[in-house]
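# Architecture and fold: a report
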Amino acid sequence: MVSADVARNIVGIIGNVISFGLFLSPVPTFWRIYKAKDVEEFKPDPYLATLMNCLLWFFYGLPIVHPNSTLVLTINGIGLVIEGAYIIMFIIYAAKNTRWKMLGVLAIEAAFMAAVVAGVLVGAHTHEKRSMIVGILCVIFGSIMYASPLTIM
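My aim in this report is to walk through the structure given alongside it, one point at a time.

Thresholds applied
Residues numbered from 1 in each chain as written. Predicted model: local features only at pLDDT ≥ 70, side-chain atom pairs only at ≥ 80, totals over all residues. Heavy atoms only, no water. Phe/Tyr/Trp six-rings, centres within 6.5 Å; stacked < 30°, edge-to-face > 60°. Helix = DSSP H or I, 4+ residues; strand = E, 2+ residues; numbered from the N terminus. Buried < 20%, exposed > 50% of the residue type's maximum accessible area, 1.4 Å probe, protein only. Axes fitted to C-alpha atoms, helices over the stretch in contact; angles between N-to-C directions. Parallel < 35°, antiparallel > 145°, perpendicular 65-115°, else oblique. Left-handed = near helix turned anticlockwise from the far one by under 90°. Contact = heavy atoms within 4.5 Å. Nonpolar A, V, L, I, M, F, W, Y, C, P; charged D, E, K, R; others polar. Lys, Arg positive; Asp, Glu negative; His and termini not counted. Salt bridge = Lys/Arg side-chain N within 4 Å of Asp/Glu carboxyl O.

Time to look at the packing of aromatic side chains. With the rule as written, the count across this model stands at eight aromatic pairs. Their ring planes at 75° and their centres at 4.9 Å tell us that F30 and Y47 sit as a pair that is edge-to-face. With a gap of 17 residues between them, F30 in helix α2 (residues 27–36) and Y47 in helix α3 (residues 45–61) connect regions that are remote in the sequence. With respect to class, F30 is no different from Y47; both count as buried. Pairing Y47 with F90 gives two aromatic rings, centres 6.2 Å apart and planes at 40°, and the pair type is tilted. One end of the pair, Y47, is in helix α3; the other, F90, is in helix α4 (residues 70–93), with 43 residues separating them in the sequence. Ring pairing ties together the aromatic residues F30, Y47, Y86 and F90, which thus form one cluster.

Let's shift gears to the packing of helix α5 (residues 96–123) against helix α6 (residues 127–147). In contact at an axis separation of 9 Å, α5 and α6 are set at 155° when each is read in the N-to-C sense. By the angle between their axes, α5 is roughly antiparallel relative to α6. The way α5 lies across α6 gives a crossing that is right-handed. Contact residues: F112, V116, V120 and L121 in α5; R130, I133, V134, L137 and F141 in α6. Looking at the contact of α5 with α6 residue by residue, the class counts come to eight nonpolar, no polar and one charged.

Moving on, we get to the side chain of E83. Looking at the secondary structure, you find E83 in helix α4. We note that E83 is buried and unpaired, the nearest opposite charge coming from K43 at a distance of 16 Å. Leaving out residues up to four positions away in the same chain, E83 has contacts with F23, Y47, T50 and L51.

Here we come to the pattern of salt bridges. Close approach of charged atoms lets side chains of opposite charge pair. This model, assessed by the stated rule, comprises four salt bridges. Residue E40 pairs with R32 through a salt bridge whose shortest N-O separation is 2.8 Å. Looking at E40, the relative accessible area reads 31%, which means it is partly exposed. Overall, R32 belongs to the partly exposed group, its relative accessible area being 41%. In this structure, K43 and D45 form a salt bridge, with 3.6 Å as the shortest nitrogen-oxygen distance. Taking relative accessible area as the criterion, D45 reaches 25% and is therefore assigned partly exposed.

Dropping the structure here:
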């Protein structure tokens, strides 16, 4: 019989493998962008939304917010690196106006994260409260991330 902790770890590892596949799913798109040296008709919205989602989940996984969340921390750290690479490539090959819009969105995301980190660390003094606040934001921004491809329509 498998203990509950072992089963939970197995499920967590499977979730990380699936998430890793999700992070790699845009590789064909970015290979096309790299070959064309142009973003063509592609929009950066899904990559910007995924970056924000990874930032929030990474913060959630830190021991100061939610202890013992190594799997959450590692997969979202990997996601940050992958999404960061996509965004850098998108900025390199985007038209000037798109590039400036992306940089503006990235600045807003950075300011929002700074406000969340400061607000949570100063205002919530227990792991339970911090986990609840950041967890709710993660669910909201996760929903936004999965809806972001609809901006193409």
